[in-house]
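Tertiary structure, described
Okay, here's what each chain looks like letter by letter:
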Amino acid sequence: MKKDKLSLFIAALLFSCSALACPFHMSMEYDDNSPVLPGTMQLVLAGMYAEQTGIIYPVVTLEGIPAFQRASWWLNLFSRKIEKQGVSDVYILLADVPMWSSYGINNEGRLEVDINPPADYANTIMLTHVGLQAIIEGNISMQEAFDNNIVLIHQDQNKIKEKLITR
């Protein structure tokens, strides 16, 4: 069983490398080829694995402005979802882009998309396009997303995970 999972993981790495590049942030690079936050590479790989094993569905590839608009819309829907669960004052990182957003940080009850990375990464919800799509479309619960490492929270000082999985 473990050998099958390892084989699928390696296949996901080899055949899904294009998922790491985002059409609307192609020029962005990680410093020294390392992830923006600890766990972001794990998150991207977990998303690829979940996609390859059928846990979640692939994202239709878009480029340029349409890709940005779709991501912005999904983030808007996601911010509404987390607000209903009592979560605010968070940063949201789409790790496969990377694209930073915030919800309720500077403007209460308002999502700000494609912002500069914050000085303090605490209370950052990290996910990928494929994970965001799965959550928005209801194909996976928040509990399942956390269980499969499709959503991670960096320095969860506000008990974000607890709020997202208990309601």
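Residues numbered from 1 in each chain as written. Predicted model: local features only at pLDDT ≥ 70, side-chain atom pairs only at ≥ 80, totals over all residues. Heavy atoms only, no water.

Moving on: the nonpolar core. Ranked by size, the top nonpolar core spans 31 residues in total, and within it Phe78, Ile82, Ile125 and Leu127 carry the most contacts. Broken down by secondary-structure element, the contributors of at least two residues to this core are helix H3 (64–84), strand E1 (90–94), strand E2 (99–103), strand E4 (124–127), helix H4 (129–136), helix H5 (142–147), strand E5 (151–154) and helix H6 (160–166). Per element, the largest residue contribution to this core is five residues, and it comes from H3. Here leucine 127 is in contact with Leu43, Phe78, Ile92, Leu93, Leu94, Ala95, Leu132, Ile135, Ile150 and Val151, once residues within four sequence places are set aside. One finds Leu45, Leu93, Trp100 and Leu152 within the second-largest nonpolar core, a separate group that totals eleven residues. (Core = buried A, V, L, I, M, F, W, Y, C linked by side-chain atoms within 4.5 Å. Buried < 20%, exposed > 50% of the residue type's maximum accessible area, 1.4 Å probe, protein only. Helix = DSSP H or I, 4+ residues; strand = E, 2+ residues; numbered from the N terminus. Contact = heavy atoms within 4.5 Å.)

A separate point is the sheet that holds E4. In space, the five strands of this open sheet follow the order E3-E2-E1-E4-E5, with mixed pairing throughout. Two strands lie at the open edges of the sheet, namely strand E3 (111–115) and E5, each paired on one side alone. Neighbour-to-neighbour, the strand axes of the sheet open up by a mean angle of 25 degrees, direction not taken into account. Strand direction decides the pairing type here: E2 and E3, joined by four bridges, are antiparallel. Across the sheet, tyrosine 103 pairs through a bridge with leucine 111, a residue of E3. Seen against the sheet, H4 touches E1, E4 and E5 and runs at an angle of roughly 100 degrees to E4. (Pairing = 2+ DSSP bridges. Axes fitted to C-alpha atoms, helices over the stretch in contact; angles between N-to-C directions.)

Let's shift gears to the packing of H3 against H4. For the pair H3 and H4, the least separation of the axes is 10 Å and the interaxial angle reads 50 degrees. The pairing of H3 with H4 is recorded here as oblique in orientation. Where H3 crosses over H4, the handedness of that crossing is left-handed. Packed against H3, whose contacting residues are Ala71, Trp74, Leu75, Leu77, Phe78 and Lys81, the element H4 presents His129, Leu132, Gln133, Ile135 and Ile136 at the interface. For the contact of H3 with H4, the per-class residue count stands at eight nonpolar, two polar and one charged. (Parallel < 35°, antiparallel > 145°, perpendicular 65-115°, else oblique. Left-handed = near helix turned anticlockwise from the far one by under 90°. Nonpolar A, V, L, I, M, F, W, Y, C, P; charged D, E, K, R; others polar.)

Moving on to the packing of aromatic side chains. One pass over the full model with this rule turns up two aromatic pairs. Their ring planes at 80 degrees and their centres at 6.4 Å tell us that tyrosine 91 and tryptophan 100 sit as a pair that is edge-to-face. Measuring from centroid to centroid gives 5.4 Å for tryptophan 100 and tyrosine 121, while their planes differ by 15 degrees, and the two rings are stacked. In this pair, tryptophan 100 is assigned in strand E2 and tyrosine 121 in the loop between E3 and E4, connecting sequence segments 21 residues apart. Since its relative accessible area comes to 3%, tryptophan 100 is described here as buried. Here the aromatic cluster, defined as three or more aromatic residues joined through ring pairs, consists of Tyr91, Trp100 and Tyr121. (Phe/Tyr/Trp six-rings, centres within 6.5 Å; stacked < 30°, edge-to-face > 60°.)

A two-sided burial pattern is seen for E4, the buried positions comprising Thr124 and Met126 on one face and Ile125 and Leu127 on the other. As paired strands, E1 and E4 are joined by four bridges and run parallel to one another. The residue bridging isoleucine 92 from the neighbouring strand is isoleucine 125, located in E4. Pairing between E4 and E5: four bridges, direction antiparallel. Residue isoleucine 125 lies in a different strand from E5, and its bridge partner there is isoleucine 153.

Turning next to the pairing of E2. Most of E2 sits out of view: five of its five residues are buried. Judged by which residues are buried, E2 turns out to be covered on both faces: Met99, Ser101 and Tyr103 on one side and Trp100 and Ser102 on the other are all buried. Bridge analysis of E1 against E2 gives five bridges, and the strand direction is antiparallel. Bridging from a neighbouring strand, valine 90 pairs with tyrosine 103 of E2.

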